[in-house]
Amino acid sequence: MRIALIAMSGIRACDEELLRLGLTLPGFVERSKTIASLPSLGLLTLAALTPEKHQVEYIEIPDPAKEERLPEGFDLVAISSYSAQIGEAYDLAKRYRDAGVPVVIGGPHVTALPEEAGRFASAVAAGEGEVVWEQILVDCEQGKLKPVYDARGREFDLAQAPVPRFDLLDISKYNRLTVQTSRGCPHQCEFCASSVVLTSAYKQKPAAKVLQEIDKILELWEHPFLEFADDNSFVNKAYWKELLGKLGGKKIRWFAETDLSVSEDEKLLSLMRRSGCAQVLIGLESPVETGLRGLELRSDWKRKRFGRYKDAIRTIQSHGITVNGCFVLGLDGHTVEIFDEVFEFVRETGLYEVQITILTAFPGTPLYARLRKENRLLQPEAWEKCTLFDVNYRPTHMTPEELADGFRKLGIRLYSEEFTNWRRNNFKSILRKHRAQERRSA
Ligand code: B12
């Protein structure tokens, strides 16, 4: 069969004023450019599980409405999408299905709402694609696609993970590539819509497999920049110490998403720096304790560490690793003061990078269920608003308009050229001081 693997690859926000602003703010533009150019690791993984007798093609479509003519000649079209672009993904699926081409669609949104997706595609894959992909291919070849392939509750063993088909990409289009070392996260935050929606366990790929993937990338790209696409990378510190020890000589630079515990392990931080870590992204979520209570389903992990936030950022950055601190605005209890509070926190800690997002109820998350029950969702099925930048619920202590307006104004302050440069220079001067201190004590 000739198979098209289609990724919806756009970056989305509905708030037009925010979009206009985003186009002029240097910090914002830089980050959008970086994250916009990432391929679909899910589809490259499925490509690697496709028997050689089939022909696979990896295609990215940022905006299907702009594609008058779609790529043709396929026996199967497989589409991957997140919530924000799911409407566009459904339109695309329908166009192929109406043209008589079998279409299967998957991803976390479809995992949460397989019945909705079934209205547009020939088949729906819920859960981890690795579990059902080969069956989908067999059934499609025989013209017997089933409406639903349900992998939920059937955990994929990451020890069996294939090396994603990075060779299908035109590498020159990307400024980084993703490698996944784990799925799930022990914290189980109420709002999280990452791979925790696909798997109930925290599971890791054997370090040797991860190294194999990196070596594959190195064959295609001499000095790559990698993004570890984990929900929370450094949960198992011993695993990472082993892995990082082997990354050292490979001349890569990398980025990972983690919790704050990484700051408590100096040996790990040194290894991270030496192996090319450029930045860690940490979900600090709130610069004030309000909002952190009950954020995770199992424990108040972040609230209990709140008092250590500032020191932890200093410790990490003094190792030459920049911190991208993430804040969720509009958590329960946040008032209109929150915008100044975020700004002050960033100024005080000298965070190199900062990411602000709006509390977003993605389908399938405990947050979605709670806000729906509390009748606080403005448009319960407006999935296009699941961008992390649009307000689609009633916050507890401000109006939706106050949240949207405060968010925009905070964005202007945080991403202005002046403040962005100040954050960058501040990091460099902290680092210089730290290095001088190290030399003196050596
Ligand atoms: C890399 C990344 C991107 C990249 C690449 C996206 C892509 N095309 O894959 C880019 C930069 C383009 C991107 C864009 C956006 N992203 Co993003 N991104 C990520 C990130 C960091 C890693 C995702 C990843 O690689 N996972 C690993 C792969 C293996 O998992 P997977 O894609 O889910 O695929 C598995 C299954 O879902 C399934 N599967 C998936 N597709 C298919 C298709 C078929 C046919 C089958 C059978 C199976 C199947 O099988 C795969 C293997 O098990 C996550 C955060 C994180 N740490 O996880 C956020 C994340 C996925 N992004 C998110 C968001 C909100 C966005 C944007 C809306 C941001 C914006 N405002 O524009 C856009 C939306 C784009 C869209 N298509 O709708 C949310 C999505 C939540 C949701 N449920 O919708 C996440 C979880 C972050 C968060 N904070 O909540 N993102």
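First, a word on what this report is: a plain description of the structure on this page. Keep in mind that this is a model prediction, so the values were computed, not measured. (Residues numbered from 1 in each chain as written. Predicted model: local features only at pLDDT ≥ 70, side-chain atom pairs only at ≥ 80, totals over all residues. Heavy atoms only, no water.)

### Concerning the sheet that holds strand E11 (residues 253-258)
Backbone hydrogen bonds hold the strands of a sheet together, and the pairing may be parallel or antiparallel. In spatial order, the strands read E7-E10-E11-E12-E13-E14; together these 6 strands make up an open sheet with parallel pairing. The sheet is open, and its two borders are formed by strand E7 (177-179) and strand E14 (353-358), each paired with just one other strand. For this sheet the average axis-to-axis angle between neighbouring strands, irrespective of direction, equals 25 degrees. Across 6 bridges, strand E12 (residues 277-285) lies against strand E13 (residues 322-329) in parallel orientation. Counterpart to Ile 282 in the pairing with E13 is Gly 325. In this fold helix H8 (residues 207-220) packs onto E7 and strand E10 (225-228), with an angle of close to 165 degrees to the strand it touches most, E7. (Pairing = 2+ DSSP bridges. Helix = DSSP H or I, 4+ residues; strand = E, 2+ residues; numbered from the N terminus. Axes fitted to C-alpha atoms, helices over the stretch in contact; angles between N-to-C directions. Contact = heavy atoms within 4.5 Å.)

### Description of the packing of H8 against helix H9 (residues 237-247)
Look at H8 against H9: their axes get within 10 Å of each other, and the N-to-C directions meet at 30 degrees. In terms of axis orientation, H8 runs roughly parallel to H9. Between H8 and H9 the crossing geometry is right-handed. Two secondary-structure elements touch here, H8 through Ala 207, Val 210, Leu 211 and Ile 214 and H9 through Tyr 239, Glu 242, Leu 243, Lys 246 and Leu 247. (Parallel < 35°, antiparallel > 145°, perpendicular 65-115°, else oblique. Left-handed = near helix turned anticlockwise from the far one by under 90°.)

### What to know about a positive patch on the surface
A surface patch of like charges, here positive, comprises Arg 253, Arg 273, Arg 435, Arg 439 and Arg 440. Looking at the positive patch element by element, the count peaks at 3 residues for helix H16 (residues 417-441). With respect to the helices and strands, Arg 440 occurs in helix H16. (Patch = residues over 30% accessible without salt bridge, like charges linked within 9 Å, V, L, I, M, F, W, Y side chains within 5 Å. Areas by Shrake-Rupley, 256 points an atom, 1.4 Å probe, with all protein chains shown as cover. Salt bridge = Lys/Arg side-chain N within 4 Å of Asp/Glu carboxyl O. Lys, Arg positive; Asp, Glu negative; His and termini not counted. Charge placed at Lys NZ, Arg CZ, Asp CG, Glu CD.)

### Remarks on helix H14 (residues 366-373)
Along H14, the positions that sit buried rather than exposed are Leu 367, Tyr 368 and Leu 371. Down the axis of H14, the sector holding all buried residues measures 100 degrees, keeping them to one side. Note on H14: the residue one or two positions beyond its end, Asn 375, has a positive phi of about 55 degrees. (Buried < 20%, exposed > 50% of the residue type's maximum accessible area, 1.4 Å probe, protein only. Arc of directions from axis to C-beta.)

### A look at the sheet that holds strand E3 (residues 76-80)
Strand order across the open sheet formed by 6 strands is E2-E1-E3-E4-E5-E6, with parallel pairing between neighbours. Where the open sheet ends on each side, the last strands, each with one partner, are strand E2 (55-61) and strand E6 (148-150). For this sheet, the mean inter-axis angle between neighbouring strands, taken without regard to orientation, is 20 degrees. Strand direction decides the pairing type here: strand E1 (residues 2-8) and E2, joined by 7 bridges, are parallel. Within E2, the position partnered with Ile 6 by the bridge is Ile 59. Sheet contacts for helix H4 (residues 86-98): E1, E2, E3 and strand E4 (103-106); angle to E4, the most-contacted strand, approximately 165 degrees.

### Observations regarding the nonpolar core
Core analysis: the largest hydrophobic core is formed by 129 residues, its most contacted members being Ile 79, Ile 105, Trp 133, Trp 254, Met 272 and Leu 414. Sequence-distant contacts of Ile 79, defined by excluding residues within four places in its chain, comprise Ile 6, Met 8, Ala 89, Leu 92, Ala 93, Val 103, Val 104, Ile 105 and Gly 106. Counting residues in hydrophobic clusters, the runner-up holds 5 residues, among them Phe 225, Phe 255, Ala 278 and Cys 326. (Core = buried A, V, L, I, M, F, W, Y, C linked by side-chain atoms within 4.5 Å.)

### What to know about the packing of helix H12 (residues 309-318) against helix H13 (residues 338-349)
One way to put it is that H12 packs onto H13 with a least axis distance of 10 Å and a crossing angle of 45 degrees. The angle between H12 and H13 places the two elements in the oblique class. The interaxial crossing formed by H12 with H13 has right-handed handedness. Note on element contacts: H13 touches H12 through Phe 345, Glu 348 and Thr 349, opposite Tyr 309, Lys 310, Ile 313, Arg 314 and Gln 317.

### Description of the environment of Thr 396
Secondary-structure assignment places Thr 396 in the loop between H14 and helix H15 (400-414). Among the residues examined, Thr 396 registers a relative accessible area of 38% and is labelled partly exposed. Excluding anything up to four places from it in sequence, Thr 396 contacts Leu 331, Asp 332, Gly 333 and Arg 376. Within the structure, the side chain of Thr 396 is placed 2.7 Å from the backbone nitrogen of Gly 333, a separation counted as a polar contact. Among the polar contacts listed, one links the side chain of Thr 396 to the side chain of His 397, at a separation of 2.8 Å. (Polar contact = N/O pair within 3.5 Å; in protein donor to acceptor, adjacent residues only side chain to side chain.)

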